[in-house]
Each structure stands twice: as structure tokens, then as C-alpha cells.
Amino acid sequence: MSMFDWAGILTLSALVTVACTAAPAPVSPPDASPDAAAAASGLPVRHPADPARAARGGALLDSGSLGGGLVPMLALRNLWITWGTAPPASDAAYWAQFAQRYGFAEALPGRGGLPSGVRAVGASATFDCRMCHVGTVAGRVIEGVGNSELDLQGLFDDLVRLNALAPMFGFPSVPLPFALTERTGAAGATDAFGLGMEFSTRYAPPGAVVATRYGYQQPAPWWTLRYRDRIYADGSGRADGHRTMMAMLLAFGMSFAELQARDADMTDLAHHLRGLPAPAWPFGALDPAARARGRVHFQARCAGCHGVYDGVGASFPDRLVPVAEVGTDPLRATRFGAAEAAWVNASWFGSEHPMVSTQAYLAPPLVGVWATAPYFHNGSVPDLAGVLDPAQRPARWRRVGHDAAHYNPDRVGWRYEAVAVAGDPRTLEGRRVYDTTRAGLHNGGHPYGADLPVAARSDLLAYLRGL
């Protein structure tokens, strides 16, 4: 396999991390048809979903195959050996504990009780896009939302520990396909972009130099794809392409030739993603008067970057905001330079829809923004109230639960507790503390609501809830 066969892996920052249980809750059904949901947002649709292709793409995720066996199921099913607990009493109890420990969403219907994103492939297991793009929000499992709890590093570290303990239990060693080191900075925030780049450099010619660390990112919501021309946190990719979204499947046991042969299948999957509707606000009726007042503030302060969502002139500007202007953590935007873009574009993945180095951040559409906490590209702010007022952002925080009672509708985001002492990022418990003093996890910048009176910020929150 040539270096260019793998070069495109690095482009998967926002849509896939290594792929893309209490009372069971199924994945939420669409709130409306894709066309109706798109119309309700007010934004013009730039990339409509073909219904037939979207249906095939959804079936591919539900029951198709997106890769070969990656890890023996025997190993994945017996990770409890590393947990320091007694063996779970049943398969259901085991997978519930697995999902809680590593931050997977609940089991999907028809998946044999496996957590969302985990697939059985014969005697092995692999992962798919839903590992990172199905999450639990306010007690509801939602397809297309970034999984803000996933601890990929913790899963890998436990597989390594299992290798050391396996002989004591009569298990064979686990053939780990690659290595991970400090790729999860906090629960849900993973350096997927850098992980892909690291894979690609293994196939580089002597002397090739490309960045392999990009800070930490939260996956962006799939349902915004239909409205935008550019994708990824820095806007470096094209929304009308799909190959950069499929590159990480090379790490899941699919060969490059198999991946190329399934180009049409992956186009179907892209249509499925474009057709997903945003989830509607679930916490009762919204105050129309407060929303009308909030819209005035939004138009004045936010629309230039995030779009106009209703009325005459509804649009999304696809605006790239320089790091110096927005002031948020710079790593993700500034590390992807001209050399890295050229590296991708020399491959099959970037040849059809080339990537560019922007050195900026793409201000995202805010459709369904209530469900996408925590906020900023790195997930460093737990709620929208903190986005609007930097003084309300905790320096270190830990989320409290993920069911409906642990969502804060007043502040629009996650209930959390402030933490005084930094967690050890090398441990699972330490990564459950979001430490914004760490590089790649900074929560500064975006001060655009700081000078608003309290009542005005409240009205602006009321408007944002209904987008």
C-alpha cells in the first residue's frame, strides 16, 4: 500500500473519531421529514438528501458492514477484568457498564445489545461512525449529535492492560492494530485529526514532515451538513465531497481497494447524514416574546458569522473567522498548514474535492444548537450561558450525569460541578475533568455577549433554544 493510500486518514476530524445501560432508550426517530426539518430551520439547503440514497445509507449504518474485524469479541467482552470489579451478571449488565465506562451511547435496536457504534463481525468486533456520532442528550439517544462522553483513550488503555492480564485467564493476547497516546484530552474531546495524520506518516517517504497533534475536538452535528459548503472545525474540507469522511474506515479492517470499490455506498451514507433532522427543543413551549427580543440581539451580534434563520435573507455565510479575531484555542486551526493540505490532496481522498489550509475556524450553523453541548470546537464550555459570557465559564469542570435531570434548560447545556484540582489526563477519572488550562482545551475567546445586560442574554438564550 502506498503512502497516498493512507494520506487522507488525517482529514476525519469532525465526523469520525475511530470510525464514524440503564433503561434502554432507542435512537430518537426523526422529528420530521428531512425536507420539513430543513424548511423549519429557515436556512437554505445547499446539499439536499436524495431520499432513496439516504434510505440506503441509513440501512448501511443499521445493518450493513463498514469494516472487518478489528478486535476479538472475546477481548472486548472481557474488559471487565481490567476494571477491578466482579464479572457482570449478564451480557446486558456488561454492555451497560462498558457503555458507561467508555462513554458509548446505549444499545441500538437490532444490534444484539451492543452499545451504539459497536458491531459484531463474526468472532470479532469493530466500530462504526455511530461510536462518535450518536450521543445521549437530556435522556434521549440522538443520531447525528457528537458523542460528548466518549473516552477512546480509556478503551485503548484497557485493551493494553487486558493484554498483560490475559494469560492469567487463559485468553490469547489482543492484536492491537495501532497505538494511542494522549489522544483523548477530556471525555468527548479527541484528537482524531492528529490520530489520522499519525497513521498516514507511517507510509510517508523519508523526510516527509507533517503535524500529528492538533489539540482536541468534539464531533460536529451531522444535521448541519446540508446547509454548509465547508466542513471540519477549520473549514478545510468540502461538504459536497464524502471521501474524507470515509478515510478512517481503513483503520477498521477495510483495505484501500475495498474502500474504493464502495465509493457509491459511501455516497449513500453521505446522503443519509444530510437528511438527518435536528432534534427539537424538548423542554416545553418557548416564550415567543422573549425569542422575538432575542432575535434582535442575534441579528446584531451573531448573524454575521452564524447566519440568518428566519424571514427575508435567511442564509448561512460559511464564514471563516481568524483565530486572532475569535480568540479560541488555536491548535486545531493553526496546525493544518499548506504542507498538510498538499499531503491530503495528493491522495485519492483529496483528489476530487481538495482541502485547503485556512488558519481559521468555521463558524457553524446553529440549527439544533441546544443539543450540541458542550460548546466550542473543543467542547470546553458546558453551556450556552457560558458561551455568551466568558466570566461564567468554569476553568475545570465535570459533567453530572447525562439523563434528562442532568440537562440544564435554563443555561442550555450540561449541569456540571466545578473542580478545584486538575485530574490526571492519563487516567479515565482524570479525563472526566475538563481542564481548560491544558493546551488544546482552552475556553477563552468568543466574547461577543459579554457586554449584554443579563436580561438581554436571557432573551438571546430563548432565541437559541428554538433554532
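In what follows, the structure referred to is the one given above.
Residues numbered from 1 in each chain as written. Predicted model: local features only at pLDDT ≥ 70, side-chain atom pairs only at ≥ 80, totals over all residues. Heavy atoms only, no water.

1. Digging into the pattern of salt bridges
Then, in step 1: Scanning all chains against the criterion turns up 28 salt bridges.
Then, in step 2: Residue Arg457 is joined to Asp389 by a salt bridge in which the shortest nitrogen-to-oxygen separation is 3.4 Å. On the criterion of sequence distance, the pair formed by Arg457 in helix α20 (residues 454-465) and Asp389 in the loop between α18 (384-388) and β12 (396-399) is long-range, its members being 68 residues apart. Asp389 shares its class with Arg457; the two are buried. (Salt bridge = Lys/Arg side-chain N within 4 Å of Asp/Glu carboxyl O. Helix = DSSP H or I, 4+ residues; strand = E, 2+ residues; numbered from the N terminus. Buried < 20%, exposed > 50% of the residue type's maximum accessible area, 1.4 Å probe, protein only.)

2. What about the sheet that holds strand β15 (residues 416-418)?
Then, in step 1: What the three strands build is an open sheet, ordered β15-β12-β16; its pairing is antiparallel. In this open sheet, the two strands that pair with only one neighbour each are β15 and β16 (434-435).
Then, in step 2: When β12 meets β16, the two strands line up antiparallel, connected through two bridges. Pairing of Trp397 across the sheet is with Tyr434, part of β16. (Pairing = 2+ DSSP bridges.)

3. Let's talk about helix α16 (residues 338-345)
Side chains three or four residues apart in an α-helix point the same way, a direct result of the helix having 3.6 residues per turn.
Then, in step 1: Those residues of α16 not exposed but buried are Glu340, Ala341, Trp343 and Val344. All buried residues of α16 lie within an arc of 155 degrees about the axis, which places them on one face of the element. (Arc of directions from axis to C-beta.)

4. Points about the sheet that holds strand β2 (residues 118-121)
Then, in step 1: Read across the open sheet, the three strands follow the order β1-β3-β2; overall the sheet is antiparallel. Every interior strand has two partners, whereas the edge strands, β1 (71-72) and β2, have only one.
Then, in step 2: With two bridges joining them, β1 and strand β3 (residues 124-127) adopt antiparallel strand pairing. If you follow Val71 over to β3, its bridge partner there is Ala125.

5. Side note on helix α8 (residues 192-201)
Then, in step 1: Burial analysis of α8 places eight of its 10 residues in the buried class, which makes it a mostly covered element.
Then, in step 2: Those residues of α8 that fall on the buried side of the exposure criterion are Ala192, Phe193, Gly194, Leu195, Gly196, Met197, Phe199 and Ser200.

6. Section: the packing of aromatic side chains
Then, in step 1: Scanning the entire structure with this criterion turns up 22 aromatic pairs.
Then, in step 2: With a centroid separation of 5.1 Å and an interplanar angle of 50 degrees, the aromatic rings of Phe98 and Phe104 are classed as tilted.
Then, in step 3: Relative accessible area serves as the criterion here: at 0%, Phe98 is assigned to the buried category.
Then, in step 4: For the ring pair Phe283 and Tyr407, a centre distance of 5.2 Å and an interplane angle of 15 degrees mean the geometry is stacked. Residue Phe283 is found in the loop between α11 (263-275) and α12 (288-301), and its partner Tyr407 is found in strand β13 (residues 407-408); the two are separated by 124 residues along the sequence.
Then, in step 5: For Phe283, a relative accessible area of 30% corresponds to the partly exposed category.
Then, in step 6: One aromatic cluster is present, built from ring pairs that chain together Trp83, Tyr94, Trp95, Phe98, Tyr102, Phe104 and Phe127.
Then, in step 7: Sitting over the ring of Phe193, Arg332 keeps its end group 3.8 Å from the ring centre.
Then, in step 8: Directly above the aromatic system of Trp414 lies the positively charged group of Arg399, at a separation of 4.0 Å from the ring centroid. (Phe/Tyr/Trp six-rings, centres within 6.5 Å; stacked < 30°, edge-to-face > 60°. Lys NZ or Arg CZ within 6 Å of the ring centre and 35° of its normal.)

7. A short note on unusual backbone geometry
Then, in step 1: Following Ala373, the chain continues into Pro374 via a peptide bond in cis, with omega recorded as 0 degrees.
Then, in step 2: Mapped onto the elements, Pro374 comes out in the loop between β11 (360-362) and α18.
Then, in step 3: We note that Val412 has phi near 60 degrees; this positive angle belongs to a residue other than glycine.
Then, in step 4: In this fold, Val412 is placed in the loop between β13 and β14 (413-414).

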